[in-house]
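Residue strings, one per chain:
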Number of protein chains: 2
Amino acid sequence: MEENKNYRLLIHGGVGTILKENMTAEKEAAYLKTLTKSLEAGEDILKNNGSAVKAVEAAVAVLEDSPLFNAGKGAVFNSDEKNEMDASIMDGSTLDSGAVLEVGTIKNPISAALEVMKHSPHILLAGSGAEKFADQQGCQIVDPSYFYTDSRFEQLQIAKETGEVMLDHSGDNKSAAANFENGGTKFGTVGAVALDANGNIASATSTGGMTNKQFGRIGDTPIIGAGTYANNKTCAVSCTGHGEFFIKNVVAYDVSALMEYKELSLIDAANYVINDKLKNQDGEGGLVAIDAKGNYTMCFNTPGMYRGIVGSESPIEVEIYQ
Amino acid sequence: MEENKNYRLLIHGGVGTILKENMTAEKEAAYLKTLTKSLEAGEDILKNNGSAVKAVEAAVAVLEDSPLFNAGKGAVFNSDEKNEMDASIMDGSTLDSGAVLEVGTIKNPISAALEVMKHSPHILLAGSGAEKFADQQGCQIVDPSYFYTDSRFEQLQIAKETGEVMLDHSGDNKSAAANFENGGTKFGTVGAVALDANGNIASATSTGGMTNKQFGRIGDTPIIGAGTYANNKTCAVSCTGHGEFFIKNVVAYDVSALMEYKELSLIDAANYVINDKLKNQDGEGGLVAIDAKGNYTMCFNTPGMYRGIVGSESPIEVEIYQ
């Protein structure tokens, strides 16, 4: 029983070509501060015997509320100068799942995903229908202008000027993000996984998608099995990276399947998927994952991933670079 | 070389409580005729050395063009009296994939999914963005009224009168379809899998979703890994059934993972997922699947599934009941 009281929380704020030489001390401090705040919000729930699901929601909501990360307040603009967001959440104790896609008026898409999971018989709601459902459930609705930030709008202008239109991209993933933060490619999806004191695990992921994206492009974030998966029997996974590779490789569930069917450890399974399978396809990205025994990994095949971890026996740690 | 010239095509037109006693001879004949026409369209491509991808697109397009099946012309109505369709396609030789969701003006959503796969760097496009892309690629665009049929509109009225609103459903899958054809529950998604003469496999799935669905509910059909998956190394799968169960169980990819990681045969893998895992959760549905050696299965845990098969060595067979 004592042993089960251990909890752990891992978060990520996106992967990519995040290099120390392109980062100012102020900006680095701001990122680390927000990652810390996210871990504190999740830990606050876990240490009070709250559920893994509530902890990942709380941790992700903090990242959504920050303009630094590509989710919620910091969401990038699509080619129509709109912010369209996706999010998903999964409870490993029940396989219950919820997700929303292409929403533009919900302050915290991850909370809407949780409402879908808890209060609808469905898993995935899209667009204005999802917004209406979230509103009925009491989620905070905001004017689309809430999501405007100068820095994201500038990124869109640069993307448009340099022709970084997503549909011009054909396999060259170096140019795919059109997200010029730190002078490099960055996929800014945020996410969290947690193990709670009752031995349950959960995962959550939220994103603003790709700058200058066209035609209602949806990545892996709202897709259970691709961007998010959780099952007490195996693991909880939250992904970030070049979404199309995560969809066709069914990444989050693949880690679980390798554990369940091939009996790999969590670390070996995640490492194989990210650093072997995806890397061989030039699929940039990473993930955070945890199993019900508390084993965990933060695994990525890019120069950096905003990330952090805290546990009942270990203090908060936040990191950015390899 | 000779051996590789074998081709095979399997199709489905949905599962559910499809009982002979509720079917008229005329209606049964109409279903069997359309299934036959679908197989003929796909076989025409396969016997002329066409690709599995083109064959599954052609077979599904015939089912979409029929008012009998819940896809394309026969799509059911959502609670706003609109037809919102989803489709996906995957090429097992490359893992290339394409999908559209919540589209209402594309005559053949499966052809739009194929265009996304072939002519965009993305996999999943949503709503009006997907419609715009399909239009630019030359897909046939129709007025939403094209999808109106009396029988589907009547089904919506019955669903509304009996309170069969999807979000009132909470786990009772007997009432979940709100699709009263044949007096029983029916999930009318259509799909196909094929092996071509070059040894490549592919899968395609298309749906109108659930009658009276609300809030932009999306099922498994447009989700690679859930409703559709194809990989020459393992299998091509197209699913039909209660979408939420197929999403959280990542059904199409699960069949593949059981083959790749647990070394199950195609038939054992599909049987385990449909008749063990899903059945234990009261998750109604079925699938058609094929591997690159030509092994195949049509597997379902409901009283009936509209289905058919044809191969280079075997004539067309179409069936409805267990």
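Structure: see above.
What counts as what
Residue positions are given per chain, counted from 1 along the sequence in the order it is written. For naming, the first written chain is A and the first written ligand is 1, with later ones following in the order written. Local features in a predicted model are, by the rule used here, given only for residues with pLDDT of at least 70; side-chain atom pairs are given and counted only at 80 or more, and totals for whole chains, interfaces and linings are based on all residues. Calculated side-chain values reflect all of the structure's heavy atoms, with hydrogen atoms and water omitted. Each helix is a run of DSSP H or I of at least 4 residues and each strand a run of E of at least 2, with the numbering of both proceeding from the N terminus. The cut-offs for exposure are 20% and 50% of the maximum accessible area for each residue type, with area from a 1.4 Å probe on protein chains only; residues under the lower value are buried, those over the upper are exposed, and the others partly exposed. Only four residue types enter the charge count: Lys and Arg as positive, Asp and Glu as negative, with His and the chain ends excluded. Taken as the charge centre is NZ of Lys, CZ of Arg, CG of Asp or CD of Glu, depending on the residue. The contact definition used throughout considers only heavy atoms, calling two residues in contact when any of these lie within 4.5 Å. Superposing the copies works by least squares over the C-alpha atoms of residues that have pLDDT at least 70 in both of them. Accessible-area loss on putting two parts together, using a 1.4 Å probe and summing over both, is the definition of buried area adopted here. We define a salt bridge as a side-chain nitrogen of Lys or Arg found within 4 Å of a carboxyl oxygen belonging to Asp or Glu. Polar contacts, as used here, are pairs of N or O atoms within 3.5 Å; protein pairs need one atom able to donate a hydrogen and one able to accept it. Residues neighboring in sequence count only if both atoms are side-chain atoms. Here, axes are lines fitted to C-alpha atoms. For helices the fit covers the stretch in contact, and angles between N-to-C directions go from 0 to 180 degrees. In these notes the angle categories are as follows: under 35 degrees is roughly parallel, over 145 is roughly antiparallel, 65 to 115 is roughly perpendicular, and the rest is oblique. Two helices cross in a left-handed way if the nearer one is turned anticlockwise from the farther one by less than a right angle. They cross in a right-handed way if the turn is clockwise. Only rings of Phe, Tyr and Trp enter the pairing, Trp through its six-membered ring, and a pair is recorded when the two centres are within 6.5 Å. The plane angle decides the type: under 30 degrees is stacked, over 60 is edge-to-face, the rest tilted. Sitting over a ring, as applied to charges here, requires NZ of Lys or CZ of Arg to be within 6 Å of the ring centre and within 35 degrees of the ring normal. We define a nonpolar core as any set of buried Ala, Val, Leu, Ile, Met, Phe, Trp, Tyr and Cys residues linked to one another through side-chain atoms lying within 4.5 Å. Pairing between two strands requires that DSSP report at least two bridges joining them.

J.: Sorry, what's going on with the overall build of chain A here?
T.: Broken down by element type, chain A carries eight helices and 14 strands. The dimensions of chain A, computed from C-alpha atoms along their principal axes, are 60 × 45 × 40 Å. Taking all 322 residues of chain A together, the buried fraction comes to 67%. Distance between charge centres in chain A, computed from 26 positive and 43 negative side chains, equals 1 Å.

J.: Honestly, the environment of Gly188 of chain A in this entry has me stumped. Any pointers?
T.: Inspection of the secondary structure puts Gly188 of chain A in the loop between β5 (186-187) and β6 (190-195). In contact with Gly188 of chain A, not counting residues within four places along its chain, are Gly13, Gly14, Phe69 and Asn70 of chain A.

J.: Can you help me understand the relation of the copies chain B and chain A in this one?
T.: The operation relating the pair of chain copies consists of a rotation about an axis and a translation along that axis. The transformation that overlays chain B on chain A combines an axial shift of 0.0 Å with a rotation of 180°, and the residual RMSD is 0.0 Å. Considering both components of the superposition, the chain copies are consistent with a two-fold axis. Residue Tyr261 of chain B of chain B places its C-alpha closer to the rotation axis than any other residue of that unit, at 2.8 Å. The overlap is high: 100% of the interface residues of chain B also sit at the interface in chain A, so the same surface is used on both sides.

J.: Would you explain the interface of chain B and chain A in this entry?
T.: Accessible area lost upon the coming together of the parts serves often as the stated size of an interface. In this complex, chain B contributes 43 residues to the contact, which on the side of chain A involves 43 residues. Roughly 3,800 Å² of surface becomes buried between chain B and chain A when both sides are summed, with 68% attributable to carbon and sulfur atoms. Summed over the three residues of chain B that lose the most area to chain A, namely Phe215, Lys248 and Tyr261 of chain B, the buried surface amounts to 21% of that side. The tally of links between chain B and chain A comes to zero salt bridges. Linking chain B with chain A are 14 residue pairs in polar contact (both at pLDDT 80 or more), by the criterion used here. Taken together, the elements giving at least two residues each to the side of chain B that touches chain A come down to β3 (97-103), β4 (124-126), α4 (127-136), β8 (217-218), α6 (243-248) and α7 (251-262) of chain B.

J.: Would you take a moment to explain the packing of helix α7 (residues 251-262) of chain A against α7 of chain B for this structure?
T.: When two helices pack together, their arrangement is given by the angle between the helix axes and the distance between those axes. It is at 9 Å that the axes of α7 of chain A and α7 of chain B come closest, and there the two elements cross at 45°. Relative to α7 of chain B, the element α7 of chain A lies oblique. With respect to the hand of their crossing, α7 of chain A and α7 of chain B are arranged in right-handed fashion. Each of Tyr253, Asp254, Ala257, Leu258, Tyr261 and Lys262 of chain A in α7 of chain A lies in contact with α7 of chain B, whose residues at this interface are Tyr253, Asp254, Ala257, Leu258, Tyr261 and Lys262 of chain B.

J.: Quick question: what am I supposed to make of the packing of aromatic side chains here?
T.: The description of an aromatic ring pair rests on the distance of the ring centres and on the angle between the ring planes. Per the stated rule, a full pass over the model turns up 19 aromatic pairs over all chains. Taking 4.2 Å as the distance between ring centres and 20° as the angle between the ring planes, the aromatic pair formed by Tyr31 of chain A and Tyr306 of chain A counts as stacked. Within this pair, whereas Tyr31 of chain A is found in helix α1 (residues 25-47), its partner Tyr306 of chain A is found in strand β13 (residues 304-311), the two being separated by 275 residues in sequence. Across the pair, Tyr306 of chain A and Tyr31 of chain A agree in class, each one buried. Ring centres 4.9 Å apart and planes at 80° place the aromatic pair Tyr146 of chain A and Phe147 of chain A in the edge-to-face group. When its relative accessible area of 21% is taken as the criterion, Tyr146 of chain A is described as partly exposed. The class of Phe147 of chain A is buried, set by a relative accessible area of 0%. Within the aromatic cluster, the residues linked to one another by ring pairs are Tyr229 and Tyr253 of chain A together with Tyr229 and Tyr253 of chain B. Its guanidinium or amino end placed over the ring of Tyr146 of chain A, Lys73 of chain A lies 5.0 Å from that ring's centre, counting from NZ or CZ.

J.: Where do I start with α4 of chain B in this structure?
T.: One turn of the α-helix equals 3.6 residues, which is why residues spaced by three or four share an orientation. Residue and element names in this part refer to chain B. Turning to α4, its buried residues are Gly127, Gly129, Ala130, Glu131, Phe133 and Ala134. The inward-facing, buried residues of α4 abut β3, α3 (109-119) and β4. Once α4 ends, the next one or two residues include Gly138, with phi positive near 90°.

J.: Just to check I follow, could you spell out unusual backbone geometry for this structure?
T.: Note: most peptide bonds trans; most residues except glycine with negative phi. A positive phi is found at Glu102 of chain A, a non-glycine position, where the angle reads about 55°. Inspection of the secondary structure puts Glu102 of chain A in strand β3 (residues 97-103). Phi is positive for Asp282 of chain B, close to 60°, though the residue is something other than glycine. Among the secondary structure elements, Asp282 of chain B is positioned in the loop between α8 (266-280) and β11 (285-290). For Asp282 of chain B, a relative accessible area of 52% gives the class exposed.

J.: Explain the nonpolar core here, please?
T.: Ranked by size, the top nonpolar core spans 100 residues in total, and within it Val255 and Leu287 of chain A together with Val255 and Leu287 of chain B carry the most contacts. Not counting residues up to four positions away in its chain, the partners in contact with Val255 of chain B are Cys235, Val237, Leu266, Ala269, Ala270, Val273 and Leu287 of chain B.

J.: In this structure, what is going on with the pattern of salt bridges? I would like to understand it.
T.: Oppositely charged side chains can form a pair if their charged atoms are brought close together. Residue and element names in this part refer to chain A. The tally for this structure, following the rule as stated, stands at 14 salt bridges over all chains. Here Arg217 and Glu244 are joined by a salt bridge, their closest N and O atoms 2.8 Å apart. Linking Arg217 in strand β8 (residues 217-218) with Glu244 in helix α6 (residues 243-248), this pair joins segments that are 27 residues apart in sequence. Side by side, Arg217 and Glu244 carry an identical accessibility label, which is buried.

J.: Hey, could you run me through the sheet that holds strand β12 (residues 296-300) of chain A in this one?
T.: By way of backbone hydrogen bonds, the strands of a sheet pair with one another, either parallel or antiparallel. Residue and element names in this part refer to chain A. With respect to topology, four strands assemble into an open sheet ordered β9-β10-β11-β12, the strand pairing being antiparallel. A strand with exactly one partner marks an edge of an open sheet, and here the two such strands are β9 (228-230) and β12. Each adjacent strand pair in this sheet contributes to an overall mean axis angle of 10°, direction not counted. Here β9 pairs with strand β10 (residues 236-241) via three bridges, running antiparallel. Considered in β10, the bridge of Tyr229 is made with Val237. Sheet strands touched by helix α8 (residues 266-280): β11 (285-290) and β12. Its angle to β12, the strand with the most contacts, is close to 10°.

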